[in-house]
Each structure stands twice: as C-alpha cells, then as structure tokens.
Amino acid sequence: MTTLRAWLVGLIACWFSIGIGSTSAAETGQLPNIVYILCDDLGYGDVRCLNPDGKIATPNFDRIAREGMIFTDAHSGSAVCTPTRYGVMTGRYAWRSKLQSGVLGGLSPRLIEPGRETVASLLKKKGYQTACFGKWHLGMNWVLKPGKSVNELSIESREQVWNVDYTQPISDGPNAVGFEHYFGISASLDMVPYVFIKNDRPLSAPTLDKNYEMMLGRSKMTRLGPTAADFDAFDVLPRLTRELTDYIEQRSAAGKSASPFFAYVPLASPHTPIVPTAKWQSKSGLNPYADFVMETDAAVGRVLEALDRTGLAANTLVVLTSDNGCSPEADFDELLAKGHNPSHVFRGHKADIYEGGHRIPFLVRWPDRVKAGTKSDSIVCLTDLMATAADITGQKLAESAGEDSVSILPQLTGDASKPVRRSIVNHSINGSFAIRDGQWKLCLCPGSGGWSAPRPGRDDQTKLPPVQLFNLETDIAEKTNEQAAHPEIVDKLSKQLEEIVANGRSTPGAAQANTVTPNIWKFSKRK
C-alpha cells in the first residue's frame, strides 16, 4: 500500500510538472521563451506527420509534433501573406485595417496602426526580450526621394523601385512595434529591395538592378529591382537561421537570471524564389520546391538543436506554422504526377477562400507544459497568438487589443473545461469572405476568390450560386454546395458575420471601431 501511495503521489506530481490545467506561466513564476516560426507558403500536405502519403521528408517538423501537439484544424485569417502577418502580430483580422485585398509591397509604408498593441509590445511589458528574424511584409517607412512616391497598399510598380533613398534609416518598421532587434527582408523574397535589413537600415545600399529565377532552373523571373552587391537569394534561409541560432546562444549565455525571450521568425521559404542551396538540390526527387521544403525543415532542425544545446528547450514554447496554403508556383501538376499533393485533401491553394488557401500546419512543442504526442481538433487561428501570450503571462488584454484572438493555452495544457473557438472568418486575396461555425462554412462568393477555378476575372461565374455552403464534417474537399438545401444556415451564418464586422470584434467585449467597414457581400449577388 505504501508503494502504491508513493507511486500515485509521484504520478500526480508528474502531471502537474507538465502543466495539466491552464494555470498561466506567470502564476508559476516560469515564463517560457517563445519561438514562433512562420513558414511562407508551406502547404498542409507538405508536412509528413500531417500527410502520411506525402512524398517530402520533414523529420524536424515531425519531431515537433512527436514531442508536442498537432492542431489539425488550424487556419490563417487570410489566404495570403500581409494580412496573415497583421493578424499574427495584432490578434485582429486584417480586413478591419486599411488593407481590404491583396498584399503590400517591399516599399509600402507601415500597415499596423500607431498605438496598436502587438504581441511584441505585450510581451515586453512582462520583461521579455523581443526579436524578429525574417520576412516582415507589414510595411516600413522608407525615405523617399524628393517628389517621388510608392504604392501604399499594393506592390510597387517598376517605375517606383528606385524612388527610395536606400542610404537613409527606415522608420516605423519592426523596431517601432515592440521588437528590440530585427534582421531580415522587407517583404517577400520575390519583391524589391533585395537587401538585408538590420534594425532600421539596410546592411548595404542596393547598387544593382537584378532579379532571380522564380523556381530554380525555370525561366520565369522575380521582379527586377534594387539589389545589394553582397545579397543573394540563396543566402536568405541560411543567414536567417544563423542569426536566430546565434541569438538563442546569446540569450543562453546571459544565464539563468536572464529575461525570457520572444523570437518571431517569419521565414521567406518555401515561397518564391524557390532557391534551395546546392546541398539540397534534387534531394527530394520531386522538384526544387520539395527540395526547398526539405531545406526549410533542416533549418528548423538547427533551431531545435540550438535550444537543446543551450539547455533552453524544456521551457521554450516552439510554434511551427505557415502563413497560408501552398502557392501554385510550386507546380502542383508536377508534384501530383509524382504522388504528392501540397494541399493534402483540401480544395484549392494559396489565395483561395477554399480550405487549401488557409488551412495550415500548426505544430507546438513546450516540454514543460505540453504533453508529447498529443493532438487537438479544436479550430484555431493565427490571430490567437495575442490572447495566448496574454494568458501565458497573466495579462488582461485591453478592449482595443486582440479583438479576434482566443487563447489556446487550455488546449495546450489539456484543460477541456475551457471554451474553445467555434467560429473563424477567412479572407481571400481578392477580399472575398468566408465564415466557419462548427461543421458549416459559408463562402460569400461564387468561386475561389483566388487563383484556382472558378477563378474571378478568368472563369465564367454568372451561372454559379451567389454563395457557397459546405459541410466540412462530411465534405472536407468542399465538393458539394449545400446553400440551396440549407437556406436557414446561410441566413444564420450571414447574420453572424455581419455582427462580427459591425462589432469590430469576434470575441467578447465592448464593440470597437473598424479602421474601415468592409463590404462583405462585394462578390456575391445575394444582397
């Protein structure tokens, strides 16, 4: 009996040591480090632990899943880059901002509104050291040459790319929204300028006019524009990885009394230009995109090794996710012919309102709190980082912060008693809306809202129903539009979305003003 009692006491202690229950880390006095890795255009089906039939080896992504938790129903708020990043940083759907469709360019001014709380500024209040390594793509204010301009809410034209004085410091970049250290590139790696930026200025001013192959060995090219003489697209992933691992080493060297750190890591891969380095070329046996996925996986492996080596792994929350679905630039036909589908079982891909546009990998490891080898089917959104960070650190969000953010800490720590997100709003590249509630998903447009068929502006959609209703429980591939059979559900979800837009938030709290009020029915003839 004594032996049994001792065993039970030990088992209970073990449960508490891994964080059963959603007690904040602030209450336990052990604030975790947070490493948030946002891959660029990585498809759900590109991760082997999510798609066992996939043909790309991803041992390091799989390691995070094996040692932590898989979320099977995770989504980006948008099917493209900039709006997703806005949501990650602010906990707010990007269609509440000035950006109603498309993405920013590399020269666009800052999108995040002055005074708006970000995850970085929130964590700084709790003493976190904050750093960002990678593709920003949320705008920064470059110094313009006299009388010159750049596009505010779209990619710069060829005529504008040299309108900037690249020798001058940048204002209102990552350092202005809570990050103490920044190293990376201003936007996607296929957008100018092709320079590394450290904090508020390029490492080298661009002197060349250059571009890169969109996919290694293919003829299509990226945008032509300002390039630093010492910059090469092939160096970006290795350099970002090295900067991050060096930062982890530095934080470890500071000792046990050092502040916890938040490293936001928006990688530029496997987005175009698809440029695996020589070591990784042809490794996959599929195509250069698959090679680049493998190299990205290896880079994540080096980050995990750095955490192991420094003894920081146990109390570091690592999140591995993607900003949207895989881009068709990966050459789906070529990959499908070899048995690999980057979208797995989902319809569509990057830019689309369909699941392939915004259902994403979402893997979490936190050895001190998250039980290894677990899985959650809860709906989660990338906007949820804000509320989760507040929950972990014991902070209460202001009414004007994180309006569309829900804490996933209960799911991470196994507290089934806490409510989870039932609904989510998604947005396509052309500004089409969808709302998901439980098993039902309503798309307020007749087609994809993006780049797959039926493609707006290319395919005839005049004979299609004005909205699309899918039962994801029975039709995960979104093959059957049930809008005619369930008008009551269409009406219910329509009103729910209208309320979410009008209230300025989708979470409980006082109504907030939107920067703009979007027309959610813009692409539907229903209203």
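Described in the following lines is the structure provided in the data block.

Calculation criteria
- Residue positions are given per chain, counted from 1 along the sequence in the order it is written.
- This being a predicted model, a pLDDT of at least 70 is required before a residue's local features are given, and a value of 80 or more before pairs of side-chain atoms are given or counted; all residues contribute to the totals for chains, interfaces and linings.
- Hydrogens and water molecules were not included; the side-chain quantities draw on all heavy atoms of the structure.
- We treat two strands as partners when DSSP finds at least two bridges between them.
- Secondary structure elements follow DSSP: runs of H or I no shorter than four residues count as helices, runs of E no shorter than two count as strands, and numbering proceeds from the N terminus.
- Angular values range over 0 to 180 degrees, each being the angle between N-to-C directions of two axes fitted as lines to C-alpha atoms, with helices fitted over their stretch in contact.
- Here, residues are in contact when the closest pair of their heavy atoms is within 4.5 Å.
- Ring geometry is summarised as follows: Phe, Tyr and Trp rings, the Trp one being its six-membered ring, pair when their centres sit within 6.5 Å, and such pairs are stacked at plane angles under 30 degrees, edge-to-face over 60 and tilted between the two.
- When a residue's accessible area, from a 1.4 Å probe over protein chains only, is under 20% of the maximum for its type it is buried; when over 50% it is exposed; and in between it is partly exposed.
- Sitting over a ring, as applied to charges here, requires NZ of Lys or CZ of Arg to be within 6 Å of the ring centre and within 35 degrees of the ring normal.
- Nitrogen and oxygen atoms within 3.5 Å of one another constitute a polar contact, given that in protein one can donate a hydrogen and the other can accept it, and given that sequence-neighbouring residues count only through two side-chain atoms.

## Some details on the sheet that holds strand 13 (residues 423-427)
Strand order in the open sheet formed by four strands is 13-14-15-16, with antiparallel pairing between adjacent strands. Single-partner strands in this sheet number two, and they are strand 13 and strand 16 (468-471). Ignoring which end each strand starts from, the neighbouring axes of this sheet average 15 degrees apart. Relative to strand 14 (residues 433-437), strand 13 is paired through five bridges, and the arrangement is antiparallel. Bridge assignment links S423 to a residue of strand 14, and that residue is D437. Packed onto the sheet, helix 12 (residues 487-503) meets strand 13, strand 14, strand 15 (440-443) and strand 16 and runs at close to 110 degrees relative to strand 14.

## A short note on the packing of aromatic side chains
For the structure on display, the rule yields 18 aromatic pairs. Ring centres of W136 and F179 lie 6.0 Å apart, and the angle between their planes is 85 degrees; this geometry places the pair in the edge-to-face category. One end of the pair, W136, is in the loop between strand 3 (129-135) and strand 4 (181-185); the other, F179, is in the loop between strand 3 and strand 4, with 43 residues separating them in the sequence. For the residue pair W136 and F179, the accessibility class agrees, reading buried in each case. Counting every residue linked through ring pairs, the aromatic cluster contains Y36, W136, F179, Y182, F262 and Y264. Stacked on the ring of F196, the Lys or Arg R239 has its end atom at 5.4 Å from the ring centre. The lysine or arginine in question, K283, covers the ring of W280, its NZ or CZ lying 6.0 Å from the ring centre.

## A closer look at unusual backbone geometry
A cis amide bond, omega 0 degrees, links V192 with the succeeding residue P193. Structurally, the position occupied by P193 is in the loop between strand 4 and strand 5 (197-198). Between S269 and P270 the backbone carries a cis peptide bond, its omega angle lying at 0 degrees. Within the chain, D41 stands out as a residue other than glycine whose phi angle is a positive 70 degrees. By the element assignment, D41 lies in the loop between strand 1 (33-39) and helix 3 (59-66).

## Looking at the environment of S428
Looking at the secondary structure, you find S428 in the loop between strand 13 and strand 14. Using a relative accessible area of 2% as the deciding quantity, one classes S428 as buried. The spacing of S428 and G449 is 21 residues in sequence and 5.6 Å in space, taken between C-alpha atoms. A polar contact of 2.8 Å, which involves the side chain of S428, links it to the side chain of N430.

## Describing the sheet that holds strand 6 (residues 201-202)
Within a beta sheet, neighbouring strands are joined by backbone hydrogen bonds and run either parallel or antiparallel to one another. Sheet architecture is open: ten strands sit in the order 6-5-4-3-9-1-10-11-2-12, paired in mixed fashion. If you trace the sheet from one side to the other, it starts and ends with strand 6 and strand 12 (374-381), each paired once. Bridge analysis of strand 3 against strand 4 gives five bridges, and the strand direction is parallel. Across the sheet, the residue bridging to A131 is H181, located in strand 4. Relative to strand 3, helix 6 (residues 236-253) is tilted by about 170 degrees, and along the sheet it contacts strand 3, strand 4 and strand 9 (261-266).

## Notes on the pairing of strand 13
Counting buried positions along strand 13 yields five of five residues, so the element is predominantly enclosed. Side chains S423, V425 and H427 of strand 13 all project onto a buried face; the interleaved residues I424 and N426 project onto the opposite face, where all are buried too. Joining the antiparallel neighbours strand 13 and strand 14 is a turn of five residues, in which G431 adopts a positive phi near 95 degrees.

## A few points about the environment of N211
Examined against the element boundaries, N211 turns out to sit in the loop between strand 7 (208-210) and strand 8 (225-227). Through-space distance from the C-alpha of N211 to that of M191 is 9.1 Å; in sequence the pair is 20 residues apart. Dropping the residues within four chain positions of it, N211 is found in contact with Y194, M221, T222, R223 and L224. Reaching out from N211, the side chain makes a polar contact with the backbone oxygen of T222 at a distance of 3.3 Å.

In short, the description is geometric, and any link to function would need to be established separately.
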